[in-house]
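Spelled out from the first residue to the last, the chains are:
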Amino acid sequence: MADDKDVLRDVWFGRIPTCFLLNQDEVTEREAEPYYLLLPRVSYLTLVTDKVKKHFHKVIRTDDAEEMWFEYEGTPLKWHYPIGVLFDLHASNTVLPWSITVHFKNFPERDLLHCPSHSVIEAHFMSSIKEADALKHKSQVVNDMQKKDHKQLWMGLQNDKFDQFWAMNRKLMEYPTEDGGFRFIPFRIYQTLSDRPFIQKQFRPVSPEGHVHTLGDLLKEVYPVALPTEGGPKRFQVVIHGIEPLLETPLQWLSEHLSHPDSFLHICVIPVPSD
Amino acid sequence: MPISLLWAVDVYGRVYSLSTGGGLWEQCRDAHMEFKRVTAAQQCCWGIACDNNIYLNLHASDLPVRYKEETYENQRWNPVDSFSDRLLPSDRWQWSDVTGLQHHPLDGFLLPSDSWEWEGDWHVDENFEGEPTEKVGWTYAIDFPAYYTKDKKWNSCVRRRRWLRYRRYRSMDTWAKIPPQQTTLPDPFSDISCGGWEINEEPRGRLSLWAVSLQGKVWFREGIYHLNPEGSVWEEVSLPGEVIQISCGPGDLVWAVLWEGQLLVREGVSRDCPKGSSWVTVDSPSPDVGATHVAVGVNVVWALTKDNKVWFRRGINSHNPCGSGWINMVGEMIMINVGLNDQVLAISSEDRAVYFRQGVTSSELSGKTWRAITVPRDGDRSHSSASASSLQSAGIYFCGEVRAQSAVSDVESERGSTDGAAGLVTSSSPESLVDAPTDQPVETPKPHIPKVTSDSFISELVSDREPAKTSREETPPAVLEEEPLALEEDLKDPCAGVAIPPQDPQWCNVDLEEAQIQQTGVVLDSVDTCSLSSVATYTLAMEDPYGADERPLWAWVSGGGCNVDSHSQLNWFNSMNASSLVQSVQSMSLSVSPAQTAAWRRQIFEQLSERTKREMDNFRHYEQAIEQSVWVKKGTMQWWRDWKPYKWIDVHFALEQFSGAEGNKDGILFIYYNFYEEKKYLHAFVNDVTILVPVLNDSKHSFAIYTPERTKQRWPIRLSAATELEMQDWLALLSVSCCDSRGIQGPPSKQAAWSITCKGDIFVSEPSPSLEAMPYPTPCDQMFWRQVGGHLRIVECNSVGIVWGIGYDHTAWVHTGGYGGGFFQGLASSTDNIYTQSDSKSVYIYENQRWNPVTGYTNRGLPTDRYMWSDSSGLHECTKTNMKPPSPQWTWMSDWSVDYSVSGGADRDGWQYAADFPASYHGHKTLKDFVRRRRWARKCKLTTTGPWQEVPPISLSDVTILPCAAQISVDVVPLWAISNKGDVLCRLGVSTLTPAGSSWLHVGTDQSFKSISIGAASQVWAIAKDGSAFYRGSVSAESPAGDSWYHIPSPAKQKLKQVSVGRTSVYTVDENGNLWYRQGVTPSYPQGSSWEHISNNVRKVSVGPLDQVWIIADKVQGSHGLSCGTVCHRLGVQPMEPKGQSWDYGIGGGWDHITVRGNCMEPPRIRLPSLGGLASQSSFPVSTEANGNAVGC
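Nothing here was measured: the structure is a model prediction, and the numbers come from that model.

What counts, and at which threshold
Residues numbered from 1 in each chain as written. Chains lettered and ligands numbered in written order. Predicted model: local features only at pLDDT ≥ 70, side-chain atom pairs only at ≥ 80, totals over all residues. Pairing = 2+ DSSP bridges. Helix = DSSP H or I, 4+ residues; strand = E, 2+ residues; numbered from the N terminus. Axes fitted to C-alpha atoms, helices over the stretch in contact; angles between N-to-C directions. Contact = placed C-beta atoms within 7 Å. Core = buried A, V, L, I, M, F, W, Y, C linked by C-beta atoms within 7 Å. Buried ≥ 20, exposed ≤ 12 C-beta atoms within 10 Å, placed from the backbone. pLDDT = per-residue confidence, 0-100.

### Here we look at the pairing of strand β47 (residues 835–852) of chain B
Residues and elements named next belong to chain B.
Working step 1: Of the strand pairs in this sheet, β47 and strand β53 (residues 931–946) are connected by 16 bridges, and their pairing is antiparallel. Paired with Gln 837 across the bridge in β53 is Thr 944.
Working step 2: In this sheet, strand β48 (residues 856–858) lies alongside β47 in antiparallel orientation, the contact comprising three bridges. Within the sheet, the bridge partner assigned to Arg 850 lies in β48 and is Thr 858.
Working step 3: If you look at the hairpin formed by β47 and β48, you'll find three residues sitting between the two strands.

Here is the structure:
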């Protein structure tokens, strides 16, 4: 029988086969070969693409190279969203591998944050964890951790060490049994058709009457559009880690098992493909 | 904690019980009559029924209550008749008791009451002091009374034999009337309270039962214990006044309330005198208002006064049963009761709900808050679904002819009273019986429960109320969904309930006095005396269809059998009020489909594996974005250094992990230390570590790391972390690391060997196929052991994966199939299948005294004497104050108390005497005794988690499971056990799907047993408490309990203590550490012929399904020291040579138990090169091809 821990592993070891192509406009000394990589769904683009940078630096004049950024079908890809979220949001239901265009010029200042070094990603990652723990445990767990524990979380993600990461992360996933769950569920709902970056609200895993909240309850509360109307055709897919959990899935379970390493449950609401 | 019951009686006299594991008051359907009061112990519940008789409800158990009657047949030899029943005039009776003073003919034994039945006929006891007599039980002597032997000698002039017959208590789980005494009691009982089981556990199941009669007299029931559950006689206890209510705690507290409102405290209650000696008066908590009710526990006293105020008595302890003062507590209650663990239950005067006192701990006995127990009753549910009946009742409001309608319904009630579904109807007759007796002593406001006696009156009443009602109940609850709404409405309206003070002034006309008189007639059989009065009350019930039924009104509650404490997780408070019935039904339907198999979870598993296929399967050749690298964890610890002088030194510790050659992880651990200012290090490869053993004591949080080399040396790497948490973190991490490096994950396999250390830690090892190979088995110091959460004393398994354990407190546990628990959290542990496990044991210290001519025995010893407070050896000082629990995991659960059950016996105060320290002690003082000692015990408790689930309720001392051969699949697996009282039990319904089985089958024996083992061919061997062996004949699948015992004499002058039976081999261990092999066992003669000595210094033996022999041995020599409690493997065991040749030494010391009965893996056949050639080619033609394929892949 499959165990819940297998879910954690599956989530962690989720990979997206990606083909990096250099933007046509970049000036090259010779033709740039595409570069193929398996990207971890739970990591960040700029954290795992040092090899890509090295690969393309070989063919462009390094003096011209500015900060590397990525684009998919005209959309600049935000590095501070987990890779899996970017894929589910923009490229799910497309043919694999995922073709990402690499740019070294014309950084879209309006759309993207700069990412000069890994420490920026670390800061972003840790702040997400802290924000999530503020919601889950009033920051009690994360504040009780030592500096080296924080480092262990980050190093776990950076080096793709599942055991190392979870040895620490399990503490962030604990809760008093009598409460039946976290204080609030840290989640973010992404949509393609809106300027709003994402939806984030305070939502408890259990109703005041003691009912267990489900994914459906959450959507009904914060994003009812995503739910299928009665009798009508399904218009939206609710995707987490590339899968569509049933709406009756308990939210607390989702938060414990399908959260990204940053402790947030990233939910993508995308239109059902028209075909 | 096992599931136990809270008992309560509602105002209608119906008895309900609420399980600590459940969320429903279950009505005691068996009660044919109404009860006034109940008082519960864990094994039974006593009650006063409305016929004023006392009833006992003994909880059914798989262990029967069997009372052994015995009598002796005496004969004398004379030259004419040889031995005959012709005795001399001065002799004893021909049939007598053991002393010969009482005449006990066989037909003089009668069953004490209807609750007993004979188990069989009289038979002769053929067993004499552990030896079969072989002479139909006769034992011989020169004369009466004398020393008897089993052999007839030339001078044997008399002989006697013992006859046995068992009687069995049969009235289990039913209310059985306690037989009235010959001298009838002057007046009926009005109150009853049981307790006292903690003051003396001998004889087993002893209880004190106190009762109060209507005239205010107090009675004590003598002679209640396990084998005599009904007790024998009522004895009156003299009193300084008239008592109205009494309460007896589990310990020595007994308090009573006087009619005038003061309280009485019983003094002198002790082990020898559970009845106590005298009364002391304590004033009522409040000077103006008398006390009405008292409830006592082990260390607490709670009381109520007439104004329903609640009081807590300060300063109660074992030296001062009277306490020092009263504290007024929050709440207004009409009845209060103290259950086990001093937990408090009360019934509120306001809403008659049962309240549980939350937060009662041993340090805060007064608790924190009252919390209402709001679970529904089982009748409620059937009622809410019975929409038909509510429709019918709704109809009545509109019919106008209320009387006529109700009369018709009443006829129905007579027919349907046995029909449980008609919830409303059955409620009618108890209603007529509800009366003051329940309330009398507590002075509850009587008008709460109206009593109606005239039907004309009631019709008048109903017609009066009808218009008002109609408007409220306008919409009949025709649809089921609407019912909860109506129900809520009812609850909001205080007038709705029958027992709520009626606002209608007419109700005050109800004549309570008359009702009481009437009641006595009605009580016995309400159906027979179904007079007008019951018609009337029935109408009342109809008038208010929900009031009475939806909200229980409680009269009495007893928590004496309810084992909860402040840590217990109870589902008693989940539903906010009775109106959330629907919700509780919902939650029940949820539990029907467990979360494991829920659709949403399946969907996630399925989609994730689809995702893997879609996104990864075709792209495995892509490069990984993140390269794997080395991961290092460092810390500081202390290390017990390897050279003299041995001491703890500070070291740096590091674990480096990396990916091994085949993708599995590997690692090295380093210990960096300073040696004469020079930095040095010691290292160990993670894949070389064979076991990590936590060694907790009160000063160090340490653990030991063994490798095969270190096991040989008997000298592990010992490390100590700064805190317990840090140690557990390291242990968990190292353990995961070791398992990773060996590719071991998930639950233990069915073949696994299990072992237990003397600390109760559980280890499991996966056997390699060559573990039992000949001639070169895997050395047993190379076995890798990993820890499993939990705490046990014994573990037994078999090869289909059924694993049972027994805790130090004798609780039986079954393995859930999970792994981890304890400090193995997160990834090293399965998420489900892990449960809380607790265990308890006693810590002992000795009080030593020496006699001197002036002052007698004092605690002043000679200068050369041992400490006056010491451990058993006398070498270490152990006082009550400095003694700590064995490790930080253990906490005290009681105070120090004298232990009377020491070997050698003890006097009334627990003293044992001897000529000098150290010597053998005896239980009575002689002239030659100059020293004495007594043992003090204190219980401590450990709570942990592990993949174990309790198998309640019988405590065990040994267990064995049939070892199955590899190929054979069995549906039902035989499992035998010995209860901690020595009964032999056979578990029914054990299978791989239900490893816990269903119930126990008791196997009758004439004496107590201590060890048992079943072999692969269902051959059952057992060891009796007297050290002799028994073989059970004819055990088979058809007859799982077999038919009879064959007595097997033990080896000369040795008392056996443990047995283990494999495929054919039978091994036993005796009390002097000798290991014996049973010679001459054949299928046709399974008892064998004689014992052959194999080895000494053996503590325990486990024989597996391959007849492999493993033991726990003492005194194993290592290069660095001697170890006790070492796992050893018998080498050279073969089918033709089952005794083997020599021992191979494995992990130890400190090991206490091992079982290899899961390992039925036949070792690979080793083919010597000289035997190769043709034979091997012809028998394995495929093997080369398979190899070729493997290479090609």
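### Considering the sheet that holds strand β23 (residues 263–267) of chain B
The strands that make up a sheet pair up through hydrogen bonds in the backbone, lying either parallel or antiparallel.
Residue and element names in this part refer to chain B.
Working step 1: A sheet is described by the order of its strands in space; here four strands give the open sequence β21-β22-β23-β24, paired in antiparallel fashion. Every other strand in the sheet has two partners, leaving β21 (243–248) and β24 (278–282) as the edge strands with one partner each. Between one strand and the next, the sheet's axes are offset by a mean angle of 25°, whatever the strand orientation.
Working step 2: Summarising the sheet, β23 and β24 pair through five bridges and their orientation is antiparallel. The residue of β24 that forms the bridge with Leu 264 is Thr 281.

### Observations regarding the interface of chain B and chain A
Working step 1: Facing 27 residues of chain B, the contacting portion of chain A comprises 34 residues.
Working step 2: Mapped by element, the contributors of at least two residues to the side of chain B that touches chain A are α12 (599–615), β33 (623–624) and α14 (724–741) of chain B.
Working step 3: At ten residues, the largest contribution of residues to the side of chain B that touches chain A is made by α12 of chain B.
Working step 4: The sheet contact formed by strand β2 (residues 35–40) of chain A and β33 of chain B spans two bridges and is parallel. Counted as the bridge partner of Leu 38 of chain A is Gln 624 of chain B from β33 of chain B.

### Focus: the nonpolar core
Residues and elements named next belong to chain B.
Working step 1: Counting 118 residues, the largest nonpolar core has Ala 1022 and Ile 1111 as its most contacted members.
Working step 2: In terms of residues, this core owes the most to one element, α14, which gives seven residues.
Working step 3: When residues no more than four places from it in sequence are discounted, the contact partners of Ala 1022 are Val 984, Phe 1009, Ser 1011, Ile 1012, Phe 1030, Arg 1032 and Val 1059.
Working step 4: Membership of the second largest hydrophobic core comes to 100 residues, among which are Val 9, Ala 49, Ile 246 and Val 301.

### Overview of the environment of Phe 189 of chain B
Residue and element names in this part refer to chain B.
Working step 1: Residue position: Phe 189 is located in strand β17 (residues 189–195).
Working step 2: Looking at Phe 189, the number of C-beta atoms within 10 Å reads 19, which means it is partly exposed.
Working step 3: Ignoring sequence-local partners within four residues, the contact set of Phe 189 consists of Ile 48, Asn 52, Ile 54, Ala 211, Val 212 and Ser 213.

### Describing the confidence of the model for chain B
If pLDDT is low for a region, its predicted coordinates should not be looked at in detail.
Residues and elements named next belong to chain B.
Working step 1: Per-residue pLDDT for chain B averages 78, and the proportion of residues at 70 or more is 78%.
Working step 2: Strand β45 (residues 803–806) holds the highest mean pLDDT among the elements of chain B, 96, whereas helix α16 (residues 1183–1192) holds the lowest, 31.
Working step 3: Note that pLDDT drops below 50 for residues 381–548; the model gives that stretch 202 contacts with residues more than four away or on any other chain.
Working step 4: Across the predicted assembly, pTM comes out at 0.66 and ipTM at 0.91.

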